[in-house]
Amino acid sequence: MSFGQGGPQSQWDPWTPQSQQPQSQQPQQPWNSGNSDNTPDWAALAEASEARAKRRRLFFIGGGALATVAIAGAVAVAVVSANGSDQASDGPSSQLPSTADIPSSTATEPSFAPTSAPPPLDPKDFVSSVKKDKAPLSPDLLFPGTQLTMGETVYKKGPTADTRTCGSAAQGTLPKVLDTNKCTRLIRVTYTKGDTAVTVGVAVFDTEAQAAKAKKDADKKSIIRSLSGGGVKSFCTGAVCRSTTNSYGRYAYFTVAGFTGGKDVTEKSTGVFRAGDDLAEFAFQQIRRRGETQASAAADAG
């Protein structure tokens, strides 16, 4: 499209002095009326250009500030999101679950009733009363075999005896002690090693209390009567011997130890002391084992 008279349309550049702007696009700018060749007022044009450049710089500065604020806001959102374990909700606060619906980190865990196996049966209970101590009892069951090994020492088993009249198998003050506390049975057995002999006697009572009372009532003169025969010479019938007294459950057990040749026991007779202690320990073990056997059988029976 052309304007005015013919000829090629020129492109007007305000920075090029010889270019012309089409009439319809020429701005209403002052011209130097004193210039006969219609030369534009370059000073006015420069002021207009500087005004446009200043507005452009202000726009860029303002836009940059807005961009900075937007970036800072994005960073703040990113920091908040990074510090939280869940993403922020876009819904209004009224749509969020109430605090009652949110599981508490301090809520107690479900508890269960403790379960445990029943306590094991006490073997001593089965040898503390005649009502529970029902296993068979005899000299050979209580003292089995033909010999006894305690550590490195071997004792040969000799004669045995079993009586219901407890006082007849005791001497000194022991018969009264046994009768007063209602002894029902007295089992005896003798073991030997060389010229040393030991008779161990186990007195049976109905209750643990009776056996404990018999032990308490016994004194230095409460002695079990020695048992000889069957190849064992008489001992402790007139010589000095060593005796012990103890109890476990409903049983009280006694020992008397000495020399088969009639020699007195002295403090230097270490073999006699050791033999008496060994047989007392063996009597205790056998009574306790009796309780363990019955407790195990009761546990198996349910």
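Here goes a summary of the coordinates provided. (Residues numbered from 1 in each chain as written. Predicted model: local features only at pLDDT ≥ 70, side-chain atom pairs only at ≥ 80, totals over all residues. Heavy atoms only, no water.)

One finds F143 and Y191 to be the most contacted residues of the largest nonpolar core, which totals 27 residues. Among the secondary structure elements, those contributing two or more residues to this core are β1 (147-150), β4 (185-193), β5 (196-204), β8 (251-259) and α5 (270-301). Setting aside its immediate chain neighbours within four residues, Y191 contacts F143, L148, Y155, K156, K157, G158, T196, A197, V198, L279 and F282. Residues L178, L186, F205 and V256 belong to the second largest nonpolar core, which totals 20 residues. (Core = buried A, V, L, I, M, F, W, Y, C linked by side-chain atoms within 4.5 Å. Buried < 20%, exposed > 50% of the residue type's maximum accessible area, 1.4 Å probe, protein only. Helix = DSSP H or I, 4+ residues; strand = E, 2+ residues; numbered from the N terminus. Contact = heavy atoms within 4.5 Å.)

In the structure shown here, the tally under the stated rule is seven salt bridges. Between K157 and D140 there is a salt bridge, with the nearest N and O atoms lying 3.2 Å from each other. With a gap of 17 residues between them, K157 in strand β2 (residues 153-163) and D140 in helix α2 (residues 139-142) connect regions that are remote in the sequence. One salt bridge in this structure joins D162 and R185, with 2.6 Å as the shortest N-O distance. Taken together, the residues D162 in strand β2 and R185 in strand β4 connect sequence positions 23 residues apart. Sharing partners across several salt bridges, the network here consists of D133, R250 and R290. (Salt bridge = Lys/Arg side-chain N within 4 Å of Asp/Glu carboxyl O.)

With that out of the way, let us pick up the packing of aromatic side chains. As enumerated under the stated definition, the model contains two aromatic pairs in all. An angle of 50° between the planes, with centres 5.9 Å apart, marks the rings of F143 and F282 as tilted. Within this pair, whereas F143 is found in the loop between α2 and β1, its partner F282 is found in helix α5, the two being separated by 139 residues in sequence. Under the relative-accessibility criterion, F143 is labelled buried at 0%. On the accessibility criterion, F282 (8% relative accessible area) is buried. Ring centres of Y248 and F284 lie 5.1 Å apart, and the angle between their planes is 90°; this geometry places the pair in the edge-to-face category. With Y248 in strand β7 (residues 242-248) and F284 in helix α5, the pair connects residues that are 36 residues apart, well separated along the chain. (Phe/Tyr/Trp six-rings, centres within 6.5 Å; stacked < 30°, edge-to-face > 60°.)

A separate point is the sheet that holds β5. Spatial ordering of the open sheet is given by β1-β2-β4-β5-β8-β7, a layout of six strands whose pairing is antiparallel. In this open sheet, the two edge strands, each paired with only one partner strand, are β1 and β7. Strand-to-strand twist in this sheet, taken as the mean axis angle between neighbours without regard to direction, amounts to 25°. Bridging between β2 and β4 involves six bridges; their strand directions are antiparallel. Across the sheet, the residue bridging to T163 is L186, located in β4. In the packing of helix α4 (residues 208-217) onto the sheet, the strands contacted are β7 and β8, and the crossing angle to β7 comes to about 155°. Docked against the sheet, α5 engages β1, β2, β4, β5, β7 and β8, running at close to 155° with respect to β8. (Pairing = 2+ DSSP bridges. Axes fitted to C-alpha atoms, helices over the stretch in contact; angles between N-to-C directions.)

Given a relative accessible area of 19%, F284 falls into the buried group. Linking F284 and N246, residues 38 residues apart in sequence, is a C-alpha distance of 8.8 Å. Residues within four places of F284 in sequence aside, it is in contact with Y248 and Y253.

Positive phi is not limited to glycine here, since K182 has a value of about 65°. As for its position among the elements, K182 is in the loop between α3 (174-180) and β4. Of note, the phi angle at C236 is positive, near 60°, even though the residue is not glycine. Note that C236 resides in the loop between β6 (222-224) and β7.

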